Amino acid sequence: MSTAATLPDHRLRRLFLAVLMGCAGAFSIWLFRFVLSALERFVDGSDQGLVAAARLMPLWQRFLTPCAGALAAGLVLALAARVTRGGSPRPPSDYIEGILVGEGRLDPANSFFKCFASLLVVAGGLAVGREGAMILLSSLVSSLLAQRLAPKEDWPLLVACGAAAGVTAAYHAPLSGAFFAVEVIMGAMSPLIMGSVAIASVCSLLVTEALSGPSVLYSVAALPAPPLALYALFVPLAFVCSFVGSAFLKGMDRSKALFRTHCKNLPGPVRLALGGAMVGLLSLAVPEVWGNGFSVIQRCLADPPVLYLAALFLAAKVLAMLVSSGAGAPGGVFTPTLFVGATFGLIMAQLFSAWFIAPEHAPYITIICMGALLAATTHAPVMAALMVAEITAAYTLLPALLLACVLASAMARRLHGVSIYGLARGGVPA
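Asks: Mind showing me how you'd approach the overall build of the protein chain here?
Replies: Across its full length, the protein chain carries 18 helices and zero strands. Against the 2.2 N^0.38 benchmark of 22 Å for 430 residues, the protein chain shows a C-alpha radius of gyration of 21 Å, consistent with a compact globule. On the principal axes, the C-alpha backbone points of the protein chain span a range of 70 × 55 × 40 Å. Across the 430 residues in the protein chain, those meeting the buried criterion constitute 56%. In the protein chain, the proportion of contacts linking residues at least 24 apart, taken out of those at least 6 apart, comes to 79%. Of the roughly 17,300 Å² that the protein chain leaves accessible, carbon and sulfur atoms contribute 69%.

Here's what the structure looks like:
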């Protein structure tokens, strides 16, 4: 049979496998959420969320919980290094490296241990996101399925489908899931790539909503399209966010360098526990530093705190994030970065409301800064704009978000050439 005759069959097979990757990724993340909820109930004894639980804890427990979670995660990672030591070279345990240089293969043991360690640090209250482990787990499942069901040349694409499914299931955001795979991972767009990751994202959303129900991540009052005059404010805000995002990335660089320099003789579990102890100390004064920042983002959008509280939350949370990352805590960066954008945007909104914009326009500033700062750190402007529009259902702001995110990403690339995903892989540009 000719190549032309078999081509449609190859495309249909890839699309069928993309459907499978989307469904399998969504189900794996549903299981991850179930285990994480049980672990959090065991740690804090409630279903109120990490920040609410931290407020109710006695101070000694609020200090020790992040330390214990980090120590347990460090021991898991040390066990992983021991179990996987020696032998032939192993595939990577980072899903982006697995797709770009690992031919779509991921190390099952290392990846599983990393996901489990991330569960422990998240449940312990360290300032990292849970979505990193979710995307890794979804990618791992896709890699294992691809190696059994698909020819080798399709493995990277199918693992990218798994990563897209992971973002979608974590955030109920299929468009940003697809563009995450295209902009952050593959770095290129083609009908084959876009079609496959889009199908995987949609299937992931359907399975997620079947298991958990439909939802928008953050509850925001319906917003009309912003007045045209506000666009004159969105442009300088985008550039300011690019400087804030670049400063944040440089802070992460510096934090990791400090831990490498001053803690190089400490075993990995002790170094992680030290980072957990620092987060615990911060939480004695500001319990909002616990976790990925979800509840504080919701508060910034629906019931904004006063200016000094927003500034306190931002300063304490950034410090906790830098300490957690520098100590080597395994976890995601999406939601913590959204936290920085939301609190910084709220501060800008309150300042502008006091000077020259109407108070009802303040939510626009908060949401625009969320997107622009995410774009500045990920260098993925379309994904960032779609992500913020989907998780807030503020689709009327999508044109403004696209403008701000493109500008912030372009400037941030000039200020700091490596994205936050490059930093996570030791400075390798995405």
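Asks: I'm lost on unusual backbone geometry in this one. Help?
Replies: Leaving glycine aside, a negative phi is the common case for residues, and trans is the common case for peptide bonds. Even without glycine at this site, H172 takes up a positive phi of about 55°. Its location among the elements puts H172 in the loop between α7 (155-171) and α8 (174-186). Judged by relative accessible area, H172 falls into the buried class, the value being 13%. You will see that A393, though not glycine, has its phi angle at about 60°, which is positive.

Asks: What's the story with the pattern of salt bridges in this structure? I'm lost.
Replies: For side chains of opposite charge, pairing can occur when their charged atoms come near one another. Per the stated rule, a full pass over the model turns up seven salt bridges. As a salt-bridge pair, D154 and R14 come within 2.9 Å of each other at their nearest N and O atoms. Of this pair, D154 sits in the loop between α6 (131-149) and α7 while R14 sits in helix α1 (residues 3-44), and the two are 140 residues apart along the sequence. Owing to a relative accessible area of 3%, D154 belongs among the buried residues under this scheme. Residue R14 is classed as buried on the basis of its relative accessible area, which comes to 16%. Shared partners join several salt bridges into a network, and the residues in it are R13, R14 and D154.

Asks: How do you make sense of the packing of aromatic side chains when you look at a structure like this?
Replies: How two aromatic rings sit relative to each other is set out by the distance from centre to centre and by the angle between their planes. One pass over the full model with this rule turns up 10 aromatic pairs. On the basis of an interplanar angle of 70° and a centroid distance of 5.7 Å, the ring pair of F180 and Y421 is categorised as edge-to-face. Of this pair, F180 sits in helix α8 while Y421 sits in helix α18 (residues 420-424); the two residues are 241 residues apart in sequence, bridging distant segments of the chain. According to the relative accessible area criterion, F180 is buried, its value standing at 0%. What links up through ring pairs into an aromatic cluster is the set Y95, Y171, F180, F334 and Y421. The ring of F339 carries the charged tip of K317 above its face, separated from the ring centre by 5.5 Å.

Asks: Explanation requested: the nonpolar core in the structure shown.
Replies: The nonpolar side chains of soluble globular proteins are, as a tendency, buried together. Counting residues in each nonpolar core, the largest one holds 140 residues, and the members touching the most others are Y95, Y171, F180, I365 and Y421. Contacts of Y421, omitting those with residues within four sequence positions, involve Y95, I96, F180, V184, V333, F334 and T378.

Asks: What exactly am I supposed to notice about the environment of L223 here?
Replies: Relative to the assigned elements, L223 resides in the loop between α9 (191-212) and α10 (231-262). Along the sequence, L223 and E360 sit 137 residues apart, while their C-alpha atoms lie 9.5 Å from each other. Once you skip the residues sitting within four places of it in the chain, L223 turns out to touch P363, Y364, I367, T396 and L397.

Asks: Please clarify how helix α11 (residues 268-285) should be interpreted in this entry.
Replies: Note that an α-helix has 3.6 residues per turn; residues three or four places apart therefore point the same way. With 18 residues, α11 should cover 26 Å at 1.5 Å per step; its first-to-last C-alpha distance of 27 Å lies within 8% of that length. Buried positions along α11 lie against α3 (59-83) and α13 (307-327).

Asks: Help me out: how do you make sense of the packing of α10 against helix α17 (residues 398-415) in this one?
Replies: For any two helices packed against each other, one specifies the inter-axial angle together with the distance between the axes. In the contact formed by α10 and α17, the axes pass within 8 Å of each other and the chain directions differ by 40°. Between α10 and α17, the crossing angle belongs to the class labelled oblique. Crossing angle aside, the handedness with which α10 passes α17 is right-handed. Across the interface between the two elements, Y231, F234, V235, A238, F239, S242, F243, S246 and K250 of α10 pack against P399, A400, L403, A404, L407, A408, M411, A412 and L415 of α17. Residue composition of the contact of α10 with α17, by class: 15 nonpolar, two polar and one charged.

Asks: Any chance you could explain the confidence of the model for the protein chain here in plain terms?
Replies: If pLDDT is low for a region, its predicted coordinates should not be looked at in detail. Per-residue confidence for the protein chain averages 88 on the pLDDT scale, and 94% of its residues sit at or above 70. Taken as a whole, residues 1-7 scores under 50 in pLDDT and shows one contact with residues more than four places along the chain or in a different chain. Contacts from residues 425-430, a stretch scored under 50 in pLDDT, to residues over four places away or in other chains number 10 contacts.

Asks: Would you take a moment to explain the environment of L211 for this structure?
Replies: Mapped onto the secondary structure, L211 falls in helix α9. Residues L211 and W30, spaced 181 residues apart in sequence, show a C-alpha to C-alpha distance of 7.5 Å. If we ignore the near neighbours within four places in the chain, the residues touching L211 are F27 and W30.

Conventions used here
- Residues numbered from 1 in each chain as written.
- Predicted model: local features only at pLDDT ≥ 70, side-chain atom pairs only at ≥ 80, totals over all residues.
- Heavy atoms only, no water.
- Helix = DSSP H or I, 4+ residues; strand = E, 2+ residues; numbered from the N terminus.
- Rg over C-alpha atoms; globule rule 2.2 N^0.38 Å.
- Buried < 20%, exposed > 50% of the residue type's maximum accessible area, 1.4 Å probe, protein only.
- Contact = heavy atoms within 4.5 Å.
- Areas by Shrake-Rupley, 256 points an atom, 1.4 Å probe, with all protein chains shown as cover.
- Salt bridge = Lys/Arg side-chain N within 4 Å of Asp/Glu carboxyl O.
- Phe/Tyr/Trp six-rings, centres within 6.5 Å; stacked < 30°, edge-to-face > 60°.
- Lys NZ or Arg CZ within 6 Å of the ring centre and 35° of its normal.
- Core = buried A, V, L, I, M, F, W, Y, C linked by side-chain atoms within 4.5 Å.
- Expected span 1.5 Å × (residues − 1).
- Axes fitted to C-alpha atoms, helices over the stretch in contact; angles between N-to-C directions.
- Parallel < 35°, antiparallel > 145°, perpendicular 65-115°, else oblique.
- Left-handed = near helix turned anticlockwise from the far one by under 90°.
- Nonpolar A, V, L, I, M, F, W, Y, C, P; charged D, E, K, R; others polar.
- pLDDT = per-residue confidence, 0-100.

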